[in-house]
Amino acid sequence: MNDVVNPAAAELPNQEIHQQIRKEYAAGFISEIESDTLPPGLNEDVVRFISAKKGEPEWMTEWRLKAYRAWLEMVEPDWAHLRYEKPDFQALSYYSAPKSMADGPKSLDEVDPKLLETYDKLGIPLHEQLALAGVAVDAVFDSVSVATTFRDKLAEAGVIFMPISEAVHKHPELVKKYLGTVVPQRDNFYAALNSAVFSDGSFVYIPKGTRCPMELSTYFRINEAKTGQFERTLIICDEGAYVSYLEGCTAPMRDENQLHAAVVELIALDDAEIKYSTVQNWYPGDEEGKGGIYNFVTKRAVAHTNAKISWTQVETGSAVTWKYPSCILKGDNAVGEFYSVALTNNYQQADTGTKMIHLGKNTRSTIISKGISAGKSQNAYRGLVRMNPNAEGARNYTQCDSLLIGDQCGAHTFPYIESRHPSAVVEHEATTSTVSDDQLFLCRQRGIDTEKAVSMIVNGFCKEVFKELPMEFAVEAGKLLEISLEGSVG
Amino acid sequence: MSTVFQTQQLAALNASNGWLTAINEAGKAAFAEAQWPSRKTEAWKYCSLKALADHAFDAAATASTTAEQLAEITQIAGLDAYQLVLVNGQLQAELSSAMALSQVSLFSGADAEQQTLIADRLQQARLQPGHHLFNDLNDAALADGVLVQIGKNSRLDKPLQLVSISTGDNHVVNSRVIVVLETGAELTLIEQFASLANDSSFTNNQTEVLVGDNARFNHYRLNLMESDARFIGTTLVDLQRDANYDSFHLGLGSVLTRNDLIVNHNVGGSHAEIAGVYVPKDSQLVDFHTDIEHRVAHCTSNEVFRGIINDQAKAVFNGRIHIHKDAQKTLAELSNKNLLLTNKAEINTKPELEIYADDVKCAHGATVAQLDNKARFYLQSRGIGEQEAQVMLSFGFINELLDGLKVEAIGDWLRPVLAHRFGRDQVFSAEQTGDL
Amino acid sequence: MISIKNLHAKVEDKPILKGLNLDIKPGEVHAIMGPNGAGKSTLGNVLAGRDGYEVTEGSVVMNGKEMLELEAEERAREGLFLAFQYPVEIPGVSNLEFLKASVDAVREHQGKPALDSVNFLKTAREKIKSVNLDQSFLKRGVNEGFSGGEKKRNELMQMMMLEPQLCILDETDSGLDIDALQVVANGVNAMRDPNRSFIVVTHYQRLLDYIVPDYVHVLADGKIVKSGGKELALELEEKGYGWLENGEA
Ligand SMILES: Nc1ncnc2c1ncn2[C@@H]1O[C@H](COP(=O)(O)OP(=O)(O)OP(=O)(O)O)[C@@H](O)[C@H]1O
Ligand SMILES: [Mg+2]
């Protein structure tokens, strides 16, 4: 259905490129699930309520209140290149959980079948026998985690993978020690808000010298209307340990904008490695720019001596995206990587990139960013590479390419480079290109239709990033791009 | 909330009347309202204005200098040009050539037609992107300026050398230059800013250029002020159909040297070629902000800036390329390369692309690096000391840009100046190698 | 095979083809020569269905079908192949991936069974070898960073893979050294078949020593102004085109 032809496009000279058609967002269904939803509004009592709902210890409640008080004094940021209606923080509900979760299911068999069905529909079966081989999943529905698979198998290896709400009870020493150490409560407006009201998210701890036996992943789903989702993820990789973690996100199609303000903290101790991949497909709004998720996310990692952090993201969803997964390369020889594909279509706006802060000697970072803009969208790369006075021998390489499809969209690059060490080397390159008529004609002359040709060219453009994704998700990411771009080229 | 600097400058403004009143008033109102830039002000993020804010300036210049002193700092050996000298903002007829004087008009002596032209340019300038409070101050204080007008299909047979010298020890000079090239006209303009040692004056300059259809403008902007001088300058260039702008910018460095360059491609077919070098040392600060505005289709630009930062000095480069919605078929390139010589030196660079048209070819690159170790080793293996090798290679890094200068005399003159800055005196003089 | 009747075409409102007629029977090789800007490439582009070329009059019937009504990819699938004068680069899309998509689409349309990847690879390796390009070219982006001669050989290689009915070679010989020229000629000759026809656009008689044409036509100012046998090419090489435009045609 929904082959909507944009009338404005017909007037454009280059019909080949300008027909705007948008297929339905496949994850846009709403699940009819009874929920306990807090009435809209935010004050100290709401913060206490959330904390009480989770049965949190005193120190955690205080931690949240401290964040809340800091937030009250902060000013909502104004971003130069993003245009959107600012959320009304008193009109949002800060807690929503499926009723059936009230007492907490003990096992998958007790999970509401409707919830399981939701995840099945999204292609993420939670029954272990059906699940993707080798991938453990934590499913977060609105404010709570509904199920975590393969827990026993992971426990054998000593790996802790559970909702953060549960970790507060079961591993308070770890949570206390690391929570807020990478993204402090008052880091920025949205991080402070998250610290006050976060409801759930995933917690991962990989013990010393352990290679996590399977991929870990979390699927986030916003269902309830007028709620914000504020999840918090904390991953600690102890010395010499390794983990590969993937998150996926979807939301129903709703007319009003919804807020998603997450915080992700990664800690890679000496010689550890964390690979963090994201396939973000929040509802982007319709072809008129109505509805969609505001995705304001703070993601940051600390890499100690010889540690490695690798962020890979494929961002196709959300009405407005603001996120800069960052690496603080604290220890000598630490490595940071950022591979990103950000696609925007229709009226989507994305302002995304990374920060590589080189503190240690011989630290290295690589940034590969591929932005694709189509429709009337705006797509910006914003990055910071900082070489501190002690970053002897540090190196950065940045490549930042944009592909424009149609002349109604924008592609922007704002790389900040700050260097304070004479032996540090920073290299930044950026290019822009378009899918040209000549390229399309060559393909068509060889019998390949336009849609297929565009998909080949776009996938080719993103190749360097896709190869960083775990196998199964690379395929998924390619398909996602195809769907998101469907019809943006006549 | 205004700063001491703002309050002082506002108080020092003379009452205006006559045809510049409108611009004076507009500038004054805006300057009085202006927020003093901080680290949060994007355009001034890395450019500290402490050298202005913490400094008390006198209203007027006092120091006097001899003609010999001036001649020494205004001469570019080997350059055959018509020279025009301004001291502390005042035109010095006796130091200027008759030909140069005949080519320019002062705002104060402008006829009705020129007044209209000037007023129009001044109004245009207020609407430019990146317009900042020092431009407002310049408008507020504007009482006189230099107008260079080259008529249709005319050209000046030699470069025009416009030297601005600051000799007062503690005052503020607001200077203004307007250049208008009519259709097919051609001009080489050398703007040279100099100061006496220990002069801690503030020069706030603004130069506006209109390059008419098919006209060619070769522009050299040489900032050779001494270390204590404070300088903020803006260059606005408007390019008409098939116009050509070829320029070279030098920022030697001082306690504050800030340069904004805005180039507007207004009609199709124009080309801008921009090169620049900055070499701050000690605790100097040099900031170049360039902005190439591709407003229409079929224009091209190519920009190359290189910097070497020594000692505890700090350099800022912000190179923006803005491709507007209708600017299809634009070709735009920008490259910025930097060398840090010490671990107290600092560079902040941001090459920005902002693109709203799809059929364009744009690329930018920025690097911060140390000297090529292989090259250094090669020199050392031929018996050249490490220090010496470093100097030779650093100099080579910027010499590539000097080699490209169309007015060779400037390159020849600058080479020893810059080589000396890196602690090396030239082995061969220009005369010795002129035939090579 | 193909019958072009009274073809008129405009580019950006400028008439380029002005009543061109050409009849090609199966198995024939027709060479087209003519001065720069005569409209040779335009003819190829119009036949292949490129956007931006407006056909104002005439018809092009291939194997009983009116080509002018078909989309570019449909014409390709019907067996019309154009080897470009200036092949475009498609960075990021590998030659192999591109060829597979192309061969699949064409074979599917023609009701031929799809080639499985093993057979496909085998054929691709043979063909790339036969045009004297290294195997590594299969993995590189389509024409990305290829030299002029390599691009031309890559075009030929695609032609071999697709086994078209009508091959239009637009200056495939330009800029080739003699060895490369022989590679191209051998490739074309190997493909000559009673059921396949060729239009060979060239400026140089030299090519026609290797690919011997059945007919030579001169295209000038949007029309065929003279036709003859292969000896016409020699005459043109010697005298140029001036004598034709001076009314002798
Ligand atoms: N896209 C276009 N826009 C404008 N004019 C065009 C376009 N394509 C072709 N032309 C014009 O059409 C005329 C014929 O061009 P064409 O490329 O067909 O010539 P040709 O015979 O192939 O020449 P050559 O021997 O140089 O390859 C030329 O005058 C050319 O400038
Ligand atoms: Mg041609």
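The preceding data block contains the structure.
What comes next concerns the included structure.

Residues and elements named next belong to chain C. Here the magnesium ion (ligand 2) is held by the protein donor atoms Ser41 (OG) and Gln85 (OE1), which lie 2.0 to 2.2 Å from it. Residue Ser41 is located in helix α1 (residues 40–48), and its partner Gln85 is located in the loop between β6 (80–83) and β7 (90–94); the two are separated by 44 residues in the primary sequence. A residue is classified by how much of its surface remains accessible, and Gln85, at 16% relative accessible area, is buried.

Further remarks concern the state of the cysteines. Summed over all chains, the structure comprises zero disulfides over all chains. Counting only cysteine sulfurs, Cys362 of chain B is the nearest neighbor of Cys409 of chain A, a cysteine outside any disulfide, at a range of 13 Å. With no disulfide of its own, Cys362 of chain B has Cys299 of chain B as its nearest cysteine by sulfur position, at a separation of 12 Å.

Residues and elements named next belong to chain C. Surveying the vicinity of ligand 1 reveals 16 residues, the closest of which are Gly37, Lys40, Ser41, Thr42 and His203. Residue Gly37 places a main-chain N or O atom 2.8 Å away from an oxygen atom belonging to ligand 1. Take Gly39: an N or O atom from its main chain is 2.9 Å from an oxygen atom of ligand 1. Protein chains bury 67% of the 640 Å² of accessible surface belonging to ligand 1 in isolation. Broken down by secondary-structure element, the contributors of at least two residues to the shell around ligand 1 are β2 (14–24) and α1. At three residues, the largest contribution of residues to the shell around ligand 1 is made by α1. Grouping the constituent residues of the shell around ligand 1 by class yields five nonpolar, seven polar and four charged.

Attention now moves to the packing of aromatic side chains. All told, the structure shown has 31 aromatic pairs over all chains when counted by the stated rule. Taking the centre distance of 5.6 Å and the plane angle of 85° together, the rings of Phe441 of chain A and Phe84 of chain C count as edge-to-face. With one member in each of two chains, Phe441 of chain A in helix α10 (residues 437–445) and Phe84 of chain C in the loop between β6 and β7 form a pair that bridges those chains. Side by side, Phe441 of chain A and Phe84 of chain C carry an identical accessibility label, which is buried. Clustering of aromatic rings is evident, with ring pairs tying together Tyr68, Trp71, Tyr84, Phe89, Phe189, Tyr190, Tyr294, Phe296, Trp322 and Tyr324 of chain A.

Right, let's talk about unusual backbone geometry for a bit. With a phi close to 50°, Asp311 of chain B is a non-glycine residue in the positive phi region. Topologically, Asp311 of chain B is positioned in the loop between β15 (300–309) and β16 (314–323). Residue Asp311 of chain B is classed as partly exposed on the basis of its relative accessible area, which comes to 23%. In this model, Glu163 of chain C sits at a positive phi of 45°, which is unusual for a non-glycine residue. Of note, Glu163 of chain C is situated in the loop between α5 (148–162) and β9 (166–170).

Moving on to the packing of α10 of chain A against helix α11 (residues 450–466) of chain A. Residue and element names in this part refer to chain A. One way to put it is that α10 packs onto α11 with a least axis distance of 9 Å and a crossing angle of 120°. Of the possible angle classes, the one that applies to α10 and α11 is oblique. Along this stretch, α10 crosses α11, giving a crossing that reads as right-handed. Between α10, through Gln439, Leu440, Cys443 and Arg444, and α11, the contact on the second element is made entirely by Thr450, Ala453, Val454 and Ile457. Of the residues assigned to the contact of α10 with α11, the class counts are five nonpolar, two polar and one charged.

Definitions and cut-offs
- Residues numbered from 1 in each chain as written.
- Chains lettered and ligands numbered in written order.
- Predicted model: local features only at pLDDT ≥ 70, side-chain atom pairs only at ≥ 80, totals over all residues.
- Heavy atoms only, no water.
- Donors = N, O, S within 2.8 Å, 3.2 Å for Na, K, Ca; no water.
- Helix = DSSP H or I, 4+ residues; strand = E, 2+ residues; numbered from the N terminus.
- Buried < 20%, exposed > 50% of the residue type's maximum accessible area, 1.4 Å probe, protein only.
- Disulfide = S-S within 2.5 Å.
- Near = heavy atom within 4 Å.
- Polar contact = N/O pair within 3.5 Å; in protein donor to acceptor, adjacent residues only side chain to side chain.
- Areas by Shrake-Rupley, 256 points an atom, 1.4 Å probe, with all protein chains shown as cover.
- Nonpolar A, V, L, I, M, F, W, Y, C, P; charged D, E, K, R; others polar.
- Phe/Tyr/Trp six-rings, centres within 6.5 Å; stacked < 30°, edge-to-face > 60°.
- Axes fitted to C-alpha atoms, helices over the stretch in contact; angles between N-to-C directions.
- Parallel < 35°, antiparallel > 145°, perpendicular 65-115°, else oblique.
- Left-handed = near helix turned anticlockwise from the far one by under 90°.
- Contact = heavy atoms within 4.5 Å.

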